[in-house]
Amino acid sequence: MAARDLLLASLVLSCSLLPCYGDVLFSSLQRTFVVTASPAPGQVLKGGVDKITVIWGLNQTLAAGTDSAYKTVKVKLCYAPVSQADRGWRKTKDIMKKDKTCPYKIDARPYSSANKTSQSVEWTVQRDVPTATYFVRVYAFDADENEVAYGQTTDAHKTTTLLQVEAISGRHKTMDICSIFFSAFSVLSLAGFFYIEKRKGKRSQ
């Protein structure tokens, strides 16, 4: 009986661990890239207007061959903790495939072992990026497209060197003018209709 209970307990434990087997954990990744971004401290980036330049390179203090498994890199815009609070759809998870910290792709390219010290990309902040506080993170992927390393523009607690983005309203001044014009036209048309109907009523009497 005791052996049976032990077997059942082992099976339950195995099943509970199964979904995590083979998953990449962020906590297992080594921070090997040095990453910087161009916005000045306090600058607010306008969606659809402003650009940022991201520069990254392998930390030169690391041992030779550290990047031997790197095949591709992806640069992403990520939510800072202050903009994740009470927003489950932005929540940070240690299991990479469940993590929602970095939803915005800035760039993706093959890893250049010949130019490992400095690579860069210029990116226009997209119109669909919401108003929030962000940082930039660079991931390295192996041949199986699994994350193997990273670097970011902020510290480990994600509280320094952050970026501010202000989303556009989605409205254009011309649209506002047209909206006002047609609203005024509708009011005048309605007033004219009632005036004509009133005169017709008087004539019929």
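That block above? That's the structure.
Note that the structure is predicted; figures quoted are calculated from it, not measured.

What counts, and where the lines are drawn
- Residues numbered from 1 in each chain as written.
- Predicted model: local features only at pLDDT ≥ 70, side-chain atom pairs only at ≥ 80, totals over all residues.
- Heavy atoms only, no water.
- Buried < 20%, exposed > 50% of the residue type's maximum accessible area, 1.4 Å probe, protein only.
- Helix = DSSP H or I, 4+ residues; strand = E, 2+ residues; numbered from the N terminus.
- Pairing = 2+ DSSP bridges.
- Axes fitted to C-alpha atoms, helices over the stretch in contact; angles between N-to-C directions.
- Core = buried A, V, L, I, M, F, W, Y, C linked by side-chain atoms within 4.5 Å.
- Contact = heavy atoms within 4.5 Å.

What about the pairing of strand S8 (residues 132-141)?
On a regular strand, each side chain points to the face opposite its neighbour's, so the side chains alternate between the two faces of the sheet.
Reasoning step 1: Of all 10 residues in S8, 10 are buried, a share of seventy percent or more.
Reasoning step 2: Every second residue of S8 is oriented toward a common face, with Ala132, Tyr134, Val136, Val138 and Ala140 on one face and Thr133, Phe135, Arg137, Tyr139 and Phe141 on the other, all of them buried.
Reasoning step 3: Across 8 bridges, strand S5 (residues 72-79) lies against S8 in antiparallel orientation. By the bridge assignment, Lys74 is partnered in S8 with Tyr139.
Reasoning step 4: In this sheet, strand S10 (residues 163-166) lies alongside S8 in antiparallel orientation, the contact comprising 3 bridges. Among the inter-strand pairings, Thr133 is bridged to a residue of S10, identified as Gln164.
Reasoning step 5: One ladder, built from 5 bridges, connects S8 with strand S9 (residues 147-152); its direction is antiparallel.

Looking at the sheet that holds strand S7 (residues 119-124)
Reasoning step 1: Strand order in the open sheet made by the 3 strands is S2-S4-S7, with antiparallel pairing throughout. This sheet does not close on itself; its edge strands, each paired only once, are strand S2 (33-37) and S7. For this sheet, the mean inter-axis angle between neighbouring strands, taken without regard to orientation, is 20°.
Reasoning step 2: As judged from the 5 bridges shared by S2 and strand S4 (residues 51-58), these two strands associate in the antiparallel manner. The residue bridging Phe33 from the neighbouring strand is Leu58, located in S4.

Remarks on the nonpolar core
Reasoning step 1: With 27 residues, the main nonpolar core has Phe33, Trp56, Leu77, Tyr134 and Val136 as its most contacted residues.
Reasoning step 2: Broken down by element, this core gets its largest block of residues, 5 residues, from S8.
Reasoning step 3: Beyond its immediate sequence surroundings of up to four residues, Val136 is in contact with Val35, Ala37, Ile52, Val54, Val75, Lys76, Leu77, Ile106, Gly151, Gln152, Thr153 and Leu163.
Reasoning step 4: Val24, Met96, Phe141 and Tyr150 belong to the second largest nonpolar core, which has 9 residues in total.

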